[in-house]
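These are the residues of each chain, in order.
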Amino acid sequence: MLDNQPIHTPIDVGDGAAIPHKSDVGLFTAWRIAFFGSIVLCLFLAFGRPDQYMAIFMFVPDGILITFKVTVGAILLAIVFGLIAGLGRISSNRFINGTASLYVEVIRGIPLLVQLFYIYYALGRFVKIPDILSAIIAMAFCYGAYMAEIFRAGIQSIPKGQMEAALSLGMSRSQAMRQVILPQAFKVVLPPIGNEFIALLKDSSLVSILAVADLLRRGREYASESFNYFETYTVIALIYLIMTLFFSKLISIMEERLNDGR
Amino acid sequence: MTVASRPMIEVSGVSKFFGSFQALNDISFNVSDGEKVVIIGPSGSGKSTILRSINCLETINSGRICVGGMDVSNPKTDICKVREEVGMVFQSFNLFPHKTVLENLTLAQTVVRKRNKNDAEDIAMELLRKVNIAEKASAYPAKLSGGQQQRVAIARSLAMNPKAILFDEPTSALDPEMIGEVLDVMKTLAQEGMTMVVVTHEMGFAREVSDRVIFMDHGRIVEEGTPEHFFTAPTHERAKLFLSQIL
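Right, let's walk through the structure included here. (Residues numbered from 1 in each chain as written. Chains lettered and ligands numbered in written order. Predicted model: local features only at pLDDT ≥ 70, side-chain atom pairs only at ≥ 80, totals over all residues. Heavy atoms only, no water.)

**Things to note about the interface of chain B and chain A**
Line of reasoning, step 1. Each partner contributes to the interface: chain B provides 33 residues, whereas chain A provides 22 residues.
Line of reasoning, step 2. Summing both partners gives a buried area of about 2300 Å² for chain B against chain A, and 61% of it is carried by carbon and sulfur.
Line of reasoning, step 3. Three residues, P97, H98 and A142 of chain B, lead the burial of chain B against chain A; their summed loss comes to 22% of the area buried on that side.
Line of reasoning, step 4. For the pair chain B and chain A, the interface holds one salt bridge.
Line of reasoning, step 5. A salt bridge links R52 of chain B to E164 of chain A; its shortest N-O distance comes to 2.6 Å.
Line of reasoning, step 6. The tally of links between chain B and chain A comes to four residue pairs in polar contact (both at pLDDT 80 or more).
Line of reasoning, step 7. Those elements that place two or more of their residues in the side of chain B that touches chain A are α2 (79-85), β6 (86-89), α3 (101-111) and α5 (146-158) of chain B.
Line of reasoning, step 8. For the side of chain B that touches chain A, the element with the most residues is α5 of chain B, which contributes four residues.
Line of reasoning, step 9. Along the lines of polarity and charge, the residues of the side of chain B that touches chain A split into 19 nonpolar, seven polar and seven charged. (Contact = heavy atoms within 4.5 Å. Buried area = accessible area lost by both parts, 1.4 Å probe. Salt bridge = Lys/Arg side-chain N within 4 Å of Asp/Glu carboxyl O. Polar contact = N/O pair within 3.5 Å; in protein donor to acceptor, adjacent residues only side chain to side chain. Helix = DSSP H or I, 4+ residues; strand = E, 2+ residues; numbered from the N terminus. Nonpolar A, V, L, I, M, F, W, Y, C, P; charged D, E, K, R; others polar.)

**Regarding the sheet that holds strand β10 (residues 220-225) of chain B**
Residue and element names in this part refer to chain B.
Line of reasoning, step 1. The strand order β6-β7-β8-β3-β9-β10 describes an open sheet built from six strands, whose pairing is mixed. The sheet terminates laterally at β6 and β10, the two strands that pair on one side only. Adjacent strand axes in the sheet meet at a mean angle of 15°, parallel and antiparallel pairs treated alike.
Line of reasoning, step 2. In the sheet, β6 pairs with strand β7 (residues 164-168) via four bridges, with the strands oriented parallel. Looking at the pairing, V89 lines up with F167 of β7.
Line of reasoning, step 3. In the packing of helix α1 (residues 47-54) onto the sheet, the strands contacted are β3 (36-40), β6, β7, β8 (195-199) and β9 (212-217), and the crossing angle to β7 comes to about 150°. (Pairing = 2+ DSSP bridges. Axes fitted to C-alpha atoms, helices over the stretch in contact; angles between N-to-C directions.)

**Things to note about the pattern of salt bridges**
Line of reasoning, step 1. A complete count under the given rule lists 22 salt bridges over all chains for this structure.
Line of reasoning, step 2. The partner of E84 of chain B in a salt bridge is R113 of chain B, and the shortest N-O contact between them spans 2.7 Å. Separated by 29 residues along the polypeptide, E84 of chain B in helix α2 and R113 of chain B in the loop between α3 and α4 (117-130) bring together distant segments of the chain.
Line of reasoning, step 3. Among the residues examined, R113 of chain B registers a relative accessible area of 22% and is labelled partly exposed.
Line of reasoning, step 4. A single network of salt bridges, built from pairs that share partners, joins D62, R217, R218 and E221 of chain A. (Buried < 20%, exposed > 50% of the residue type's maximum accessible area, 1.4 Å probe, protein only.)

**Side note on the environment of Y103 of chain A**
Residues and elements named next belong to chain A.
Line of reasoning, step 1. Here Y103 is to be found in helix α4 (residues 94-108).
Line of reasoning, step 2. Judged by its relative accessible area of 16%, Y103 falls in the buried class.
Line of reasoning, step 3. Separated by 41 residues in the primary sequence, Y103 and G144 place their C-alpha atoms 9.3 Å from one another.
Line of reasoning, step 4. Sequence-distant contacts of Y103, that is, excluding residues within four places in its chain, are made with F81, A85, A140, F141, G144 and A145.
Line of reasoning, step 5. Here F141 takes part through its backbone oxygen, which lies 2.6 Å from a polar atom of the side chain of Y103.

**Considerations on the nonpolar core**
Line of reasoning, step 1. Counting 56 residues, the largest nonpolar core has M139 and Y143 of chain A as the members making the most contacts within it.
Line of reasoning, step 2. At 12 residues, the largest contribution of residues to this core is made by helix α6 (residues 131-156) of chain A.
Line of reasoning, step 3. Setting aside its immediate chain neighbours within four residues, M139 of chain A contacts V70, A74, L116, L200, D203, S204 and V207 of chain A.
Line of reasoning, step 4. Grouped together as the second largest cluster of nonpolar side chains are 51 residues, A165 and V180 of chain A together with M8 and I60 of chain B included. (Core = buried A, V, L, I, M, F, W, Y, C linked by side-chain atoms within 4.5 Å.)

None of this, on its own, says anything about what the molecule does.
Right, here's the structure in full:
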């Protein structure tokens, strides 16, 4: 009797690399061709053309670590910002609701690159923190606004009866939110958050302009010394591609696990 | 006047608007301790709205509702305290799908009543046995039939030891063969002396179990009386028409 269960309407927010779908079966899926193709291509370049490419592959890995740090740091912080702002967006308190909505509207109306410059230099004016940290805060502040909309949609996708049932058992609104609504909403928002993670991984390349030595920055450094622009950016693009494809697969596996897990 | 001598639920002069639509028009009735009141009427007559107003899931525009001496309509009243004392059973069950049957029963006990986990589980198991579904304690609601879910929902509300339970069309979403098992549980509760306010279309239940029937139409109470009176000799034309259509 599954038909009596509340149906979570799937929400579709965000962009980023397409997360492979379960129905994508067969040996030659687009994901497999792209993922294994780029790995093979990397190996071929590194070992087949070692004089041009080997040095690049030796030079850029520090950047991968930084890119990864920025992405993970920013997504975690963005989830915090997004959850707070998302709850604010559904609050009946006018001030809280207004503030949260203003944050979302302002942030979404300014290009990410402009925001990065702005927040980075604004932060730099008042506090002395490492470049990478201010880059993370800037990215998170921006992505938090998009995340807020995901959380808002996710919370609102939970049937009203759930809140009413919790309230009628004597729970306060915040108890009901924590115990009943959010645990269900997290499951709904996981796919779009996964999408945001992939998008953020790619957008993290923007921090290379902020003196943060991420993957792209390391590539630029190498290219400007060696003048091997084409070769360097080929490698950089391949590494980004492998990372996004890897994580999109990981996220889709996590989602499947979560859906089977009950 | 002492609290004990007052009715458990007092509804006096309640009106409620949804925009310009008047859902409730000057509704007054009392429910005393241990009394079973059934509210019937055509859809859109306001019967669910008045029920939901009693535990403040709807706010009323005028009038007064008191539950156990607490004024629900007063914004200063701690509404959670009222809801602790008044259980509610919904048409759509509203079990928590991310929690097992047992956890559905223990959640509010531990969070609201501050019982420890073991006590809460003992109480929960006892109630699940009472509604004949103890074997499903570790199952998730999605694995249960509608009738089973509704019995769990009743047990969940009982776990809070409410002084009264409100039933909002508890059998309307059920397949016909499952209605009986839910009504049986409700009859047992009635026999044990639980104060109940039931919105339902189950006339058999109303006739057999209730002490009083309230018939509503267009947001007003049209007729009120014993089931005997209501089902055999209704005075109002609208009630006669309704009964001729439904019986």
